[in-house]
Amino acid sequence: ADHAQYIAANELYHKMQANRLLEPDKNTFALMIRVCGDQNEMQQAIDIWENQINNDEVKYDQCVVSCLVDALSKHGLLDKAQQIVSAQQRRRSYRERILH
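The structure reproduced in this document is the subject of the present report. As the structure is a computational prediction, the values presented were derived from the model and not from experiment.

1. Overview of the nonpolar core
So, step 1. With 27 residues, the main nonpolar core has I33, I48, W49, I53, L68, L72 and I84 as its most contacted residues.
So, step 2. Contributions of two or more residues to this core are made by α1 (3-19), α2 (26-38), α3 (42-52), α5 (62-74) and α6 (78-99).
So, step 3. Examining the composition of this core, we find that 7 residues originate from one element, α5, more than from any other.
So, step 4. Setting aside residues up to four positions removed in sequence, L68 forms contacts with I33, A45, W49 and I84.

2. As for the pattern of salt bridges
A pair can form between side chains of opposite charge whenever their charged atoms are brought close.
So, step 1. Evaluated as defined, the whole model comprises 5 salt bridges.
So, step 2. A salt bridge links D38 to R34; its shortest N-O distance comes to 3.1 Å. Of this pair, D38 and R34 both sit in helix α2, 4 residues apart, which is roughly one turn of that helix.
So, step 3. By relative accessible area, which is 38% here, R34 ends up partly exposed.
So, step 4. Here D70 makes a salt bridge to K74, at a shortest N to O gap of 3.1 Å. With a gap of 4 residues between them, D70 and K74 both fall in helix α5, about one helical turn apart.

3. Some words on α3
So, step 1. Along α3, the residues classified as buried are M42, Q44, A45, I46, I48 and W49.
So, step 2. Of the surrounding secondary structure, the elements contacted by the buried residues of α3 are α1, α2, α4 (56-59), α5 and α6.

4. Points about α5
So, step 1. With 13 residues, α5 should reach 18 Å at 1.5 Å per residue; the first-to-last C-alpha distance of 18 Å fits that figure.
So, step 2. When α5 is considered as a whole, its buried residues turn out to be V64, V65, C67, L68, V69, A71 and L72.
So, step 3. Of the surrounding secondary structure, the elements contacted by the buried residues of α5 are α2, α3, α4 and α6.
So, step 4. Capping the start of α5, D61 holds a side-chain oxygen 3.0 Å from the backbone nitrogen of C63, two or three residues further along.
So, step 5. Just beyond α5, the residue with positive phi is G76, at close to 75 degrees.

Rules used in this analysis
Each chain carries its own residue numbering, running from 1 in the direction its sequence is written. Totals for whole chains, interfaces and linings use every residue, but because this is a predicted model, local features are given only for residues with pLDDT of at least 70 and side-chain atom pairs only at 80 or more, for both listing and counting. By convention in this description, side-chain values take in all heavy atoms of the structure and omit both hydrogens and water. To define a nonpolar core, start from buried Ala, Val, Leu, Ile, Met, Phe, Trp, Tyr and Cys residues and group those joined through side-chain atoms within 4.5 Å. Per-residue accessibility, obtained with a 1.4 Å probe over protein chains only, is compared with the maximum for each type, and a residue is labelled buried under 20%, exposed over 50%, and partly exposed between these values. Numbering goes from the N terminus for both helices and strands, where a helix is a DSSP run of H or I of at least four residues and a strand is a run of E of at least two. Any two residues having at least one pair of non-hydrogen atoms within 4.5 Å are treated as being in contact. By definition here, a salt bridge exists when the distance from a side-chain nitrogen of Lys or Arg to a carboxyl oxygen of Asp or Glu is within 4 Å. For a helix, the expected span equals 1.5 Å multiplied by the number of residues minus one. Polar contacts, as counted here, are pairs of nitrogen or oxygen atoms within 3.5 Å of one another; within protein the pair requires one atom able to donate a hydrogen and one able to accept it, and residues that are adjacent in sequence qualify only if both atoms are side-chain atoms.

Structure, rendered in structure tokens:
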């Protein structure tokens, strides 16, 4: 994504948040994290994942996590990427124990 696409995606995302009629879903968050990663806006990508996704089903969605881990890895933030992967694995393991 080029910078113009990043700006357009960011504006649309903020309009969705302000509107309250359009709730961002896992696809919206995955796209925003990917676009942030493409533009080296890693703090924004991390903030979206840590503070703006309030639903764990969305936060730990495979696509959302993959986009974040990909972005973090591309920018050398391997420790943070590993933390995210570990958190997802712990959550998956916990859910499997509860469901069985």
